[in-house]
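# Remarks on the overall topology
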Amino acid sequence: MAEESALPPTPQLFVDAVLAYQKTAAIRAAVEIGLFAAIGPTGADAEAIAAQVGASTRGVRILCDYLTVLGFLEKSGTVWYQAPVTRTFIDPGSPTSMASIIRFLAGPELLRLFLEDPAGYIRRGGSEGLANTTPDDPIWVTFAESMTPFTIAAAKATAAHVAAWPAPPRLVLDVAAGGGMFGISVAQACAGASVVAVDWSDVVAVADRNADQAGVGERYRTLAGDAFSVNWGSGYDLVLLPNILHHFDHASCVAMLRRVRDSLAPGGRAAIIEFVPDSDRVAPPIPASFAFMMVATTQHGDAFTEVEYVAMAREAGLRAETAVSLAPSPERLIELYA
Ligand SMILES: Nc1ncnc2c1ncn2[C@@H]1O[C@H](CSCC[C@H]([NH3+])C(=O)O)[C@@H](O)[C@H]1O
């Protein structure tokens, strides 16, 4: 029998979960009105903030006090200051600002999928209809434009991994490229690499712009279409599969991996980059929690385990190396070869 805890349980965990939407609302309001920029490095009071962002003093006062309770601001007298987490990760002036992820992760599309009928997707075992896997869904343009701060760590770690191969890749396919960070980072790390990026047409337009901005535009080509059917050619030394397989069921992943196998150059390799939970599926917290994102936003997606990815690869005629960490990202990389 488990030892009884010395302290009586409190309902706080439950109350926090019930009210979690208030945190989402407050942080989204703050980013959308430009609150953190208005507070800036020197701090400001409600009147000054309200005047700068064009909001009511009452709204600003109440929002700032709540953000102080949550730890995003500090208050002295009537003036609020940015707390360290805000200064580093949310202030739009910070080089490590992640504020843009609000547009996708706390945007109206995801909130609707998650909160409108949570019991519904649990009963069905997935979203109603295709949800985020609908062809050309504009949500992926929002993703491509806003999620770079989230994907950059895994992209850089992936690029460092393949740049250390005895023969770094020359022809690279980035399947479901999104904002393109994975292929672009590989192009930056491997001077001889050319990249073909596949995604829906409005999404690859974002990747193309990002490649130009990153200075690799001349070695970067885009191909618009469905990753399950578009003719992406062959002869690839590296096929990147970052954050795509988790949207689909086992059979679809095998079908995608067969296409990947058929497009590899002799000696070529593929790299699955994913949130891969341990076999118990409850750890580590971020990869394990990712499955809940999939049940709410896709019909059949999941946070597959390493054993499951290895099985898919085998069915597709590929062998797999042991998964490697992409720290500081919580994602892992599984290398596949024919
Ligand atoms: N059938 C499909 N064909 C092409 N792209 C797709 C398909 N289904 C989903 N996607 C794209 O898959 C991406 C998933 S988000 C991941 C983007 C990127 N690989 C990254 O890791 O940051 C989105 O950009 C979608 O548009």
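Residues numbered from 1 in each chain as written. Predicted model: local features only at pLDDT ≥ 70, side-chain atom pairs only at ≥ 80, totals over all residues. Heavy atoms only, no water.

The chain is annotated in an unreviewed UniProt entry as Methyltransferase domain-containing protein of Belnapia mucosa.

### Describing the packing of helix α2 (residues 20-33) against helix α5 (residues 57-70)
This is how the line gets drawn: In this analysis, axes come from line fits to C-alpha atoms, helices being fitted only over the stretch in contact, and the angle between any two N-to-C directions falls in the range 0 to 180 degrees. Counting from the N terminus, the helices are DSSP H or I runs at least four residues long and the strands are E runs at least two residues long. Angle categories are assigned with fixed cut-offs, so that under 35 degrees is roughly parallel, over 145 is roughly antiparallel, 65 to 115 is roughly perpendicular, and the rest are oblique. Working rule for handedness: look at the near helix, and if it is turned counterclockwise from the far one by less than a right angle, call the crossing left-handed; if clockwise, right-handed. In what follows, residue pairs with any heavy atoms lying within 4.5 Å of each other are defined as contacts. Under this grouping Gly is polar, as are all residues other than the nonpolar Ala, Val, Leu, Ile, Met, Phe, Trp, Tyr, Cys and Pro and the charged Asp, Glu, Lys and Arg.
It is at 10 Å that the axes of α2 and α5 come closest, and there the two elements cross at 125 degrees. When the interaxial angle is binned, α2 and α5 end up oblique. Viewed along their axes, α2 and α5 form a crossing whose handedness is left-handed. Mapping the contact onto sequence places Q22, K23, A26, I27, A29, A30 and I33 in α2 and L63, Y66, L67 and L70 in α5. Residues belonging to the contact of α2 with α5 are distributed by class as follows: 9 nonpolar, 1 polar and 1 charged.

### A short note on the nonpolar core
The condition is simple: Note on terminology: a nonpolar core comprises buried Ala, Val, Leu, Ile, Met, Phe, Trp, Tyr and Cys residues joined through side-chain atoms within 4.5 Å. Each residue gets one of three labels from its accessible area relative to the maximum for its type: buried under 20%, exposed over 50%, partly exposed in between, using a 1.4 Å probe on protein chains only.
Within the largest apolar cluster, 32 residues are counted, with the highest numbers of intra-cluster contacts made by V175, W232, V239, L241 and L257. For this core, the elements supplying multiple residues, two or more each, are β4 (171-175), β5 (194-199), β7 (236-242), α14 (250-262), β8 (264-274), α16 (306-315) and β11 (332-337). In terms of residue count, α14 provides more of this core than any other element does, 5 residues in total. Excluding its chain neighbours within four sequence positions, the residues that come into contact with L241 are V175, M256, L257, V260, A271, I272 and I273. Core analysis: the next-biggest nonpolar cluster, separate from the first, contains 27 residues, A177, A193, L240 and A271 among them.

### Description of the pairing of β7
Quick reminder of the rule: Pairing between strands is defined by DSSP: at least two bridges between them are needed. Place the viewer so that the strands point away; then a crossover is right-handed whenever the path from the first strand over the helix to the second strand goes clockwise.
Where burial is concerned, most of β7 is hidden: 6 out of the 7 residues are buried. Relative to β7, β4 runs parallel, the two sharing 3 bridges. Following the sheet pairing, D174 is matched in β7 by L240. Sheet analysis places β7 next to β8, joined by 6 bridges and oriented parallel. Considered in β8, the bridge of L238 is made with R269. Once you follow β7 into α14 and on to β8, the crossover reads as right-handed.

### So, the site of the ligand
The line we're drawing: Here, proximity means that at least one heavy atom of the residue falls within 4 Å of the molecule or strand. Contacts described as polar in this section are N or O atom pairs within 3.5 Å, which, within protein, must combine one atom able to donate a hydrogen with one able to accept it, while residues neighboring in sequence count only if both atoms come from side chains. In this description, accessible areas are obtained by the Shrake-Rupley approach with a 1.4 Å probe, and a residue is regarded as covered only by the protein chains that are shown.
Not every one of the 19 residues close to the ligand is listed here, only the nearest: A176, D199, A227, P242 and N243. At a separation of 2.7 Å, an oxygen atom of the ligand approaches a polar side-chain atom of N243. Across the complex, the protein chains shield 97% of the 570 Å² of accessible surface that the ligand would expose by itself. Among the residues forming the shell around the ligand, the class breakdown is 12 nonpolar, 5 polar and 2 charged.

### Thoughts on the environment of V203
Its location among the elements puts V203 in helix α13 (residues 201-213). By relative accessible area, V203 is classed as buried at 1%. Along the backbone, V203 and T142 are 61 residues apart, and their C-alpha atoms lie at a distance of 8.7 Å. Apart from residues lying up to four places away in sequence, V203 is in contact with W140, V141, A144 and G178.

### Structural notes on the UniProt feature "domain: O-methyltransferase C-terminal" (unreviewed entry) in the chain
Using the following cut-off: UniProt positions are given in the numbering used here, feature names are shortened, and annotations may be inferred rather than shown by experiment.
When the UniProt feature table is mapped onto this chain numbering, "domain: O-methyltransferase C-terminal" (unreviewed entry) sits at residues 170-318. The distance from the first to the last C-alpha atom of residues 170-318 is 21 Å, and the span holds 39% helix and 23% strand.

### Considering unusual backbone geometry
Here the bond from A283 into P284 is cis, since omega is -15 degrees, no more than 30 degrees from zero. Tracing the backbone shows P284 in the loop between β8 and α15 (285-297). Cis geometry marks the peptide bond from A327 to P328, where omega comes out at 10 degrees. Turning to its location among the elements, P328 is positioned in the loop between β10 (324-325) and β11.

### Some details on the sheet that holds strand β1 (residues 44-45)
Strand order in the open sheet formed by 3 strands is β1-β3-β2, with antiparallel pairing between adjacent strands. At either end of the open sheet lies a strand with only one pairing partner, and these are β1 and β2 (73-76). Strands in contact with α5 are β2 and β3 (79-82); relative to β2, the strand with the most contacts, it is inclined by about 110 degrees.

### Regarding the side chain of D91
For clarity, the threshold we go by: Note on charges: Lys and Arg go in the positive column, Asp and Glu in the negative column, and His and the chain ends are not counted at all. Salt bridge, as used here, is a side-chain nitrogen of Lys or Arg placed within 4 Å of a carboxyl oxygen of Asp or Glu.
By the secondary structure assignment, D91 is in the loop between α6 (84-89) and α7 (101-105). R87 provides the closest opposite charge to the buried, unpaired D91, separated from it by 7.7 Å. Only 2.6 Å separates the side chain of D91 from the backbone nitrogen of G93, close enough to count as a polar contact. Excluding residues within four positions of it along the chain, D91 makes contact with F36, Q82, T86 and S97.

### Regarding the UniProt feature "domain: O-methyltransferase dimerisation" (unreviewed entry) in the chain
When the UniProt feature table is mapped onto this chain, "domain: O-methyltransferase dimerisation" (unreviewed entry) is found at residues 18-90. Span residues 18-90 is 66% helix and 14% strand, its end C-alpha atoms 25 Å apart.

### So, the environment of R28
As for its placement among the helices and strands, R28 is situated in helix α2. On the basis of relative accessible area, R28 is assigned to the partly exposed category, the value being 23%. Taking C-alpha positions, R28 is 8.4 Å from R103, a pair spaced 75 residues apart along the chain. In contact with R28, not counting residues within four places along its chain, are I102, A106, G107, P108 and L111. Only 3.0 Å separates the side chain of R28 from the backbone oxygen of A106, close enough to count as a polar contact.

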